[in-house]
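Here is how the chains run, residue by residue.
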Amino acid sequence: MMLKVPSCSPACIAASIREKALDNQCGRLLPSSLPIRKRNAVLCASSSSSSLPSSDNAPVLTAEPNGWAGGSGRSWADRLRMGSLTADGLSYKEKFIVRCYEVGMNKTATVETIANLLQEVGGNHAQSVGFSTDGFATTPTMRKLHLIWVTARMHIEVYQYPAWGDAVEIETWCQSEGRIGTRRDWILKDYATGVVIGRATSKWVMMNQDTRRLQKVPDDVREEYIVHFPKEPRLAFPEKNNGSLKKISKLEDPAQYSRLGLVPRRVDLDMNQHVNNVTYIGWVLESVPQEIMDTHELQTITLDYRQECQHDDVVDSLSSPEIVGDTPLSELHRRTGSAAEAAKNGTQFLHLLRLSLNGLEINRGRTEWRKKPAR
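Presented here is an overview of the structure given in this document. It should be emphasised that the depicted structure is a prediction, and the values quoted were computed from it without experimental measurement.

Some thoughts on unusual backbone geometry
- In this model, Asp 253 is joined to Pro 254 through a cis peptide bond whose omega is 10 degrees.
- With respect to the helices and strands, the residue Pro 254 is situated in the loop between α5 (219-225) and β12 (257-262).
- A positive phi angle, close to 60 degrees, is found at His 146, a residue other than glycine.
- With respect to the helices, strands and loops of the structure, His 146 is situated in the loop between α4 (140-145) and β7 (147-158).
- Notably, Arg 212 is not glycine yet its phi reads approximately 60 degrees, a positive angle.
- Along the polypeptide, Arg 212 turns up in the loop between β10 (196-208) and β11 (214-215).

A short note on the pairing of strand β14 (residues 315-321)
- Counting buried positions along β14 gives 7 out of 7 residues, so the element sits mostly inside the fold.
- Covered by surrounding structure in β14 are Val 315, Ser 317, Ser 319 and Pro 321 together with Asp 316, Leu 318 and Ser 320, the residues of both alternating faces.
- By the bridge criterion, 4 bridges tie β12 to β14 in an arrangement that is antiparallel. Its bridge partner lying in β14, Leu 262 is registered against Val 315.
- Bridge analysis of β14 against strand β17 (residues 348-355) gives 7 bridges, and the strand direction is antiparallel. Bridge assignment links Val 315 to a residue of β17, and that residue is Leu 355.

So, helix α3 (residues 111-128)
- Over its 18 residues, α3 extends 26 Å from the first C-alpha to the last, a length consistent with the 26 Å expected when each residue adds 1.5 Å.
- Of all 18 residues in α3, 13 are buried; the element is thus mostly enclosed.
- Note on α3: the residue one or two positions beyond its end, Gly 130, has a positive phi of about 105 degrees.

Analysis parameters
- Residues numbered from 1 in each chain as written.
- Predicted model: local features only at pLDDT ≥ 70, side-chain atom pairs only at ≥ 80, totals over all residues.
- Heavy atoms only, no water.
- Helix = DSSP H or I, 4+ residues; strand = E, 2+ residues; numbered from the N terminus.
- Buried < 20%, exposed > 50% of the residue type's maximum accessible area, 1.4 Å probe, protein only.
- Pairing = 2+ DSSP bridges.
- Expected span 1.5 Å × (residues − 1).

In C-alpha coordinates:
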(Lines give C-alpha, C1' and ligand atoms only; values in the text may rest on other atoms or scores of the structure.)
Protein backbone atom coordinates (compact mmCIF):
# COMPACT_ATOMS: atom_id res chain seq x y z
CA MET A 1 0.00 0.00 0.00
CA MET A 2 1.41 3.36 -1.02
CA LEU A 3 1.01 6.33 1.29
CA LYS A 4 -0.23 9.54 -0.25
CA VAL A 5 2.22 12.35 0.41
CA PRO A 6 0.73 15.86 0.41
CA SER A 7 2.00 17.83 -2.58
CA CYS A 8 3.31 20.77 -0.63
CA SER A 9 6.58 22.60 -1.24
CA PRO A 10 9.55 22.45 1.16
CA ALA A 11 8.82 26.10 2.01
CA CYS A 12 5.30 25.11 3.01
CA ILE A 13 6.52 22.26 5.21
CA ALA A 14 9.10 24.46 6.88
CA ALA A 15 6.53 27.18 7.50
CA SER A 16 4.10 24.69 9.01
CA ILE A 17 6.76 23.28 11.33
CA ARG A 18 7.83 26.75 12.44
CA GLU A 19 4.26 27.78 13.17
CA LYS A 20 3.54 24.65 15.19
CA ALA A 21 6.65 25.37 17.24
CA LEU A 22 5.37 28.88 17.85
CA ASP A 23 1.96 27.52 18.80
CA ASN A 24 3.39 25.19 21.42
CA GLN A 25 5.63 27.82 22.96
CA CYS A 26 3.66 31.04 22.78
CA GLY A 27 0.00 30.05 22.59
CA ARG A 28 -0.64 31.08 19.00
CA LEU A 29 1.75 33.88 18.19
CA LEU A 30 0.72 33.62 14.55
CA PRO A 31 -2.84 33.73 13.21
CA SER A 32 -4.44 30.41 12.29
CA SER A 33 -4.67 31.39 8.66
CA LEU A 34 -3.07 33.84 6.27
CA PRO A 35 -4.65 35.93 3.47
CA ILE A 36 -5.46 33.77 0.46
CA ARG A 37 -4.86 33.95 -3.27
CA LYS A 38 -5.46 31.03 -5.62
CA ARG A 39 -2.90 31.42 -8.42
CA ASN A 40 0.84 30.77 -8.57
CA ALA A 41 1.08 29.13 -5.16
CA VAL A 42 4.39 29.76 -3.46
CA LEU A 43 3.59 29.27 0.22
CA CYS A 44 0.89 27.16 1.85
CA ALA A 45 -0.96 28.72 4.77
CA SER A 46 -1.13 26.89 8.08
CA SER A 47 -3.80 24.34 8.82
CA SER A 48 -5.49 23.77 12.15
CA SER A 49 -5.30 20.01 11.61
CA SER A 50 -2.30 17.96 12.64
CA SER A 51 -1.60 16.87 9.04
CA LEU A 52 -0.29 19.01 6.22
CA PRO A 53 -2.90 20.20 3.69
CA SER A 54 -3.04 18.68 0.23
CA SER A 55 -2.67 20.77 -2.89
CA ASP A 56 -6.40 20.39 -3.68
CA ASN A 57 -7.66 22.45 -0.75
CA ALA A 58 -4.61 24.30 0.57
CA PRO A 59 -5.01 28.08 0.74
CA VAL A 60 -2.06 29.86 -0.83
CA LEU A 61 -0.30 33.21 -0.95
CA THR A 62 1.11 34.78 -4.06
CA ALA A 63 4.20 36.95 -4.32
CA GLU A 64 3.90 39.78 -6.86
CA PRO A 65 6.96 40.65 -8.99
CA ASN A 66 7.50 43.92 -7.10
CA GLY A 67 7.78 42.13 -3.77
CA TRP A 68 4.29 42.92 -2.52
CA ALA A 69 1.94 40.08 -1.65
CA GLY A 70 -1.50 39.91 -3.11
CA GLY A 71 -3.32 43.14 -3.83
CA SER A 72 -3.57 44.43 -0.27
CA GLY A 73 -0.42 46.56 -0.34
CA ARG A 74 1.24 44.49 2.40
CA SER A 75 4.62 42.88 1.80
CA TRP A 76 5.56 39.34 2.70
CA ALA A 77 7.46 40.74 5.68
CA ASP A 78 4.33 42.61 6.82
CA ARG A 79 2.24 39.45 6.60
CA LEU A 80 4.69 37.18 8.40
CA ARG A 81 6.07 39.65 10.93
CA MET A 82 4.60 39.23 14.43
CA GLY A 83 4.03 42.92 15.03
CA SER A 84 1.45 45.66 14.55
CA LEU A 85 0.42 49.11 15.66
CA THR A 86 -1.55 49.35 18.89
CA ALA A 87 -5.22 50.38 18.89
CA ASP A 88 -4.46 54.11 19.14
CA GLY A 89 -1.88 53.87 16.36
CA LEU A 90 0.72 55.69 18.44
CA SER A 91 2.93 52.76 19.43
CA TYR A 92 3.96 49.44 17.95
CA LYS A 93 4.32 45.95 19.44
CA GLU A 94 6.24 42.99 18.06
CA LYS A 95 7.08 39.50 19.31
CA PHE A 96 10.41 37.74 18.88
CA ILE A 97 11.81 34.33 19.76
CA VAL A 98 15.40 34.27 21.00
CA ARG A 99 17.52 32.22 18.57
CA CYS A 100 20.46 30.02 19.46
CA TYR A 101 22.91 32.40 17.76
CA GLU A 102 21.61 35.32 19.86
CA VAL A 103 22.67 33.91 23.24
CA GLY A 104 25.99 33.82 25.04
CA MET A 105 27.70 31.28 27.27
CA ASN A 106 24.89 31.52 29.83
CA LYS A 107 22.33 30.53 27.17
CA THR A 108 20.64 33.88 27.63
CA ALA A 109 20.38 36.73 25.14
CA THR A 110 23.35 39.06 25.02
CA VAL A 111 22.92 42.79 25.48
CA GLU A 112 23.88 43.17 21.82
CA THR A 113 20.92 40.92 20.95
CA ILE A 114 18.63 43.11 23.04
CA ALA A 115 19.95 46.25 21.34
CA ASN A 116 19.52 44.72 17.88
CA LEU A 117 15.92 43.79 18.67
CA LEU A 118 15.25 47.33 19.85
CA GLN A 119 16.64 48.66 16.60
CA GLU A 120 14.62 46.16 14.56
CA VAL A 121 11.30 46.94 16.21
CA GLY A 122 11.98 50.66 15.88
CA GLY A 123 12.56 50.31 12.16
CA ASN A 124 9.47 48.12 11.77
CA HIS A 125 7.41 50.70 13.65
CA ALA A 126 8.53 53.40 11.24
CA GLN A 127 7.78 51.21 8.25
CA SER A 128 4.31 50.40 9.61
CA VAL A 129 3.32 54.09 9.49
CA GLY A 130 4.65 54.47 5.95
CA PHE A 131 8.23 55.62 6.44
CA SER A 132 11.06 54.05 4.47
CA THR A 133 13.58 51.53 5.79
CA ASP A 134 16.19 53.26 3.61
CA GLY A 135 18.28 55.11 6.18
CA PHE A 136 16.25 53.91 9.20
CA ALA A 137 12.80 55.56 9.26
CA THR A 138 13.37 58.36 6.77
CA THR A 139 10.34 60.41 5.74
CA PRO A 140 9.76 61.46 2.11
CA THR A 141 11.14 64.96 2.77
CA MET A 142 14.18 63.52 4.57
CA ARG A 143 15.02 61.39 1.55
CA LYS A 144 14.58 64.39 -0.72
CA LEU A 145 16.98 66.45 1.42
CA HIS A 146 19.43 63.54 2.01
CA LEU A 147 18.79 63.55 5.77
CA ILE A 148 19.17 60.58 8.09
CA TRP A 149 18.72 59.80 11.79
CA VAL A 150 21.74 58.96 13.93
CA THR A 151 21.86 57.83 17.54
CA ALA A 152 22.94 60.43 20.10
CA ARG A 153 22.25 58.48 23.31
CA MET A 154 21.14 54.98 24.25
CA HIS A 155 20.14 53.76 27.71
CA ILE A 156 19.15 50.13 28.29
CA GLU A 157 18.15 48.41 31.52
CA VAL A 158 17.66 44.64 31.61
CA TYR A 159 16.01 43.14 34.69
CA GLN A 160 15.96 39.58 33.37
CA TYR A 161 17.66 38.24 30.26
CA PRO A 162 15.48 35.96 28.10
CA ALA A 163 16.91 32.50 27.41
CA TRP A 164 17.27 30.60 24.17
CA GLY A 165 13.77 29.78 22.93
CA ASP A 166 11.99 32.37 25.08
CA ALA A 167 9.50 34.73 23.45
CA VAL A 168 9.65 38.44 24.17
CA GLU A 169 7.27 41.23 23.26
CA ILE A 170 8.64 44.72 22.66
CA GLU A 171 6.57 47.89 22.52
CA THR A 172 8.02 51.12 21.15
CA TRP A 173 6.93 54.68 20.48
CA CYS A 174 8.48 58.04 19.54
CA GLN A 175 8.09 61.65 20.64
CA SER A 176 9.75 65.00 20.06
CA GLU A 177 13.00 65.89 21.78
CA GLY A 178 13.27 69.66 21.45
CA ARG A 179 14.18 71.16 18.09
CA ILE A 180 17.13 68.91 17.40
CA GLY A 181 15.67 65.43 17.18
CA THR A 182 13.40 62.74 18.56
CA ARG A 183 13.22 60.33 21.45
CA ARG A 184 12.32 56.64 21.12
CA ASP A 185 11.38 54.47 24.11
CA TRP A 186 10.85 50.72 24.53
CA ILE A 187 9.27 48.32 27.02
CA LEU A 188 10.35 44.65 26.93
CA LYS A 189 8.12 41.91 28.35
CA ASP A 190 8.31 38.16 28.76
CA TYR A 191 5.55 37.15 26.35
CA ALA A 192 4.54 34.08 28.38
CA THR A 193 4.08 35.93 31.67
CA GLY A 194 3.64 39.58 30.70
CA VAL A 195 6.37 40.56 33.18
CA VAL A 196 8.46 43.61 32.24
CA ILE A 197 12.03 42.38 31.80
CA GLY A 198 13.63 45.53 30.46
CA ARG A 199 13.22 49.15 29.43
CA ALA A 200 15.15 51.45 27.13
CA THR A 201 15.22 54.97 25.81
CA SER A 202 17.22 56.77 23.15
CA LYS A 203 17.79 60.15 21.54
CA TRP A 204 18.20 60.60 17.81
CA VAL A 205 19.47 63.62 15.90
CA MET A 206 19.40 64.55 12.25
CA MET A 207 22.45 64.40 9.98
CA ASN A 208 23.01 65.39 6.37
CA GLN A 209 24.09 62.19 4.66
CA ASP A 210 26.35 64.02 2.20
CA THR A 211 28.14 66.46 4.52
CA ARG A 212 27.97 64.19 7.64
CA ARG A 213 27.03 67.26 9.69
CA LEU A 214 24.23 67.52 12.24
CA GLN A 215 21.37 69.94 11.63
CA LYS A 216 18.08 71.06 13.13
CA VAL A 217 14.94 69.20 12.13
CA PRO A 218 13.18 71.11 9.32
CA ASP A 219 9.56 72.08 10.01
CA ASP A 220 8.23 70.14 7.01
CA VAL A 221 9.97 66.99 8.25
CA ARG A 222 8.59 67.49 11.76
CA GLU A 223 5.07 67.80 10.33
CA GLU A 224 5.46 64.44 8.61
CA TYR A 225 6.24 62.43 11.73
CA ILE A 226 4.68 64.35 14.63
CA VAL A 227 1.20 63.00 13.79
CA HIS A 228 2.44 59.57 14.89
CA PHE A 229 3.59 60.76 18.33
CA PRO A 230 1.58 60.55 21.58
CA LYS A 231 -0.05 63.90 22.38
CA GLU A 232 1.17 63.79 25.98
CA PRO A 233 4.73 62.84 27.04
CA ARG A 234 5.09 59.11 27.59
CA LEU A 235 8.32 57.84 29.09
CA ALA A 236 9.72 54.35 29.58
CA PHE A 237 11.54 55.84 32.60
CA PRO A 238 9.06 58.23 34.25
CA GLU A 239 10.81 58.16 37.64
CA LYS A 240 12.55 61.32 38.82
CA ASN A 241 16.34 61.24 38.74
CA ASN A 242 16.31 58.02 36.72
CA GLY A 243 19.60 56.72 35.39
CA SER A 244 18.71 57.39 31.76
CA LEU A 245 19.20 61.13 32.35
CA LYS A 246 22.41 60.89 34.35
CA LYS A 247 25.39 62.69 32.84
CA ILE A 248 28.38 60.53 31.96
CA SER A 249 31.71 61.90 33.13
CA LYS A 250 34.61 61.60 30.73
CA LEU A 251 37.00 58.82 31.61
CA GLU A 252 40.47 60.22 32.02
CA ASP A 253 43.51 58.37 30.75
CA PRO A 254 45.34 56.33 31.93
CA ALA A 255 42.40 53.97 32.39
CA GLN A 256 42.65 50.90 34.58
CA TYR A 257 41.61 48.49 31.83
CA SER A 258 42.02 48.77 28.08
CA ARG A 259 41.66 46.90 24.82
CA LEU A 260 43.56 48.59 22.01
CA GLY A 261 43.46 48.36 18.24
CA LEU A 262 39.83 47.38 17.61
CA VAL A 263 39.00 47.48 13.90
CA PRO A 264 35.51 47.67 12.37
CA ARG A 265 34.59 44.67 10.27
CA ARG A 266 32.67 45.07 7.05
CA VAL A 267 29.58 43.57 8.68
CA ASP A 268 29.73 46.31 11.34
CA LEU A 269 28.74 48.97 8.78
CA ASP A 270 25.07 49.83 8.41
CA MET A 271 23.00 51.24 5.56
CA ASN A 272 24.03 54.78 6.56
CA GLN A 273 27.69 53.96 5.78
CA HIS A 274 28.93 54.16 9.35
CA VAL A 275 29.55 51.69 12.16
CA ASN A 276 26.25 50.44 13.55
CA ASN A 277 25.46 51.75 17.03
CA VAL A 278 25.20 48.20 18.44
CA THR A 279 28.84 47.54 17.52
CA TYR A 280 29.92 50.20 20.02
CA ILE A 281 28.33 48.17 22.83
CA GLY A 282 30.54 45.20 22.04
CA TRP A 283 33.61 47.42 21.89
CA VAL A 284 32.80 48.94 25.29
CA LEU A 285 32.51 45.50 26.87
CA GLU A 286 35.85 44.38 25.41
CA SER A 287 37.74 46.29 28.12
CA VAL A 288 35.64 45.15 31.09
CA PRO A 289 37.83 42.95 33.35
CA GLN A 290 37.30 39.23 32.85
CA GLU A 291 36.65 38.68 36.56
CA ILE A 292 33.57 40.87 36.28
CA MET A 293 32.38 39.11 33.12
CA ASP A 294 32.76 35.71 34.84
CA THR A 295 30.75 36.56 37.94
CA HIS A 296 28.38 39.36 36.89
CA GLU A 297 25.89 40.22 34.20
CA LEU A 298 25.18 43.63 32.72
CA GLN A 299 22.23 45.38 34.30
CA THR A 300 22.40 48.87 32.78
CA ILE A 301 24.32 50.45 29.94
CA THR A 302 24.27 54.10 28.88
CA LEU A 303 26.17 55.35 25.84
CA ASP A 304 26.66 58.87 24.49
CA TYR A 305 27.58 58.80 20.80
CA ARG A 306 29.87 61.75 20.06
CA GLN A 307 31.30 60.98 16.64
CA GLU A 308 30.61 58.42 13.96
CA CYS A 309 33.20 55.77 13.25
CA GLN A 310 34.24 54.87 9.70
CA HIS A 311 35.30 51.51 8.28
CA ASP A 312 39.02 52.32 8.25
CA ASP A 313 39.23 53.71 11.81
CA VAL A 314 41.12 51.93 14.59
CA VAL A 315 39.52 52.18 18.04
CA ASP A 316 40.75 51.90 21.64
CA SER A 317 38.37 50.76 24.40
CA LEU A 318 39.10 52.06 27.91
CA SER A 319 37.33 51.21 31.20
CA SER A 320 37.76 52.17 34.84
CA PRO A 321 35.61 51.58 37.93
CA GLU A 322 33.42 54.54 38.81
CA ILE A 323 33.35 56.08 42.25
CA VAL A 324 30.87 54.29 44.54
CA GLY A 325 30.05 56.33 47.59
CA ASP A 326 33.27 57.98 48.78
CA THR A 327 35.64 55.27 47.56
CA PRO A 328 36.43 54.54 43.91
CA LEU A 329 36.29 50.91 42.87
CA SER A 330 39.87 51.22 41.68
CA GLU A 331 40.93 51.81 45.30
CA LEU A 332 38.85 48.83 46.48
CA HIS A 333 40.50 46.77 43.75
CA ARG A 334 43.96 47.86 44.98
CA ARG A 335 43.12 46.86 48.55
CA THR A 336 41.64 43.46 47.70
CA GLY A 337 43.73 42.56 44.66
CA SER A 338 40.66 41.35 42.81
CA ALA A 339 38.25 43.23 40.57
CA ALA A 340 35.52 40.69 41.38
CA GLU A 341 36.06 41.09 45.12
CA ALA A 342 36.03 44.86 44.82
CA ALA A 343 32.84 44.63 42.76
CA LYS A 344 30.94 43.23 45.74
CA ASN A 345 30.95 46.79 47.05
CA GLY A 346 29.54 48.22 43.82
CA THR A 347 29.80 47.44 40.13
CA GLN A 348 29.83 50.59 38.07
CA PHE A 349 32.30 51.39 35.31
CA LEU A 350 33.04 54.37 33.13
CA HIS A 351 34.00 53.72 29.51
CA LEU A 352 35.62 55.60 26.67
CA LEU A 353 36.00 54.70 23.01
CA ARG A 354 38.56 56.79 21.14
CA LEU A 355 40.38 56.81 17.83
CA SER A 356 43.81 55.22 18.18
CA LEU A 357 45.35 57.64 15.70
CA ASN A 358 44.60 60.93 17.45
CA GLY A 359 42.78 60.10 20.68
CA LEU A 360 39.56 61.76 19.47
CA GLU A 361 36.57 60.69 21.59
CA ILE A 362 34.01 58.56 19.77
CA ASN A 363 31.81 57.38 22.60
CA ARG A 364 31.58 57.57 26.37
CA GLY A 365 29.57 55.19 28.52
CA ARG A 366 28.59 53.88 31.90
CA THR A 367 27.71 50.31 32.88
CA GLU A 368 26.24 48.79 36.05
CA TRP A 369 26.56 45.10 36.86
CA ARG A 370 24.88 42.59 39.17
CA LYS A 371 25.87 39.12 40.36
CA LYS A 372 24.87 36.39 37.95
CA PRO A 373 21.79 34.48 39.12
CA ALA A 374 22.18 30.84 40.05
CA ARG A 375 20.99 28.53 37.27
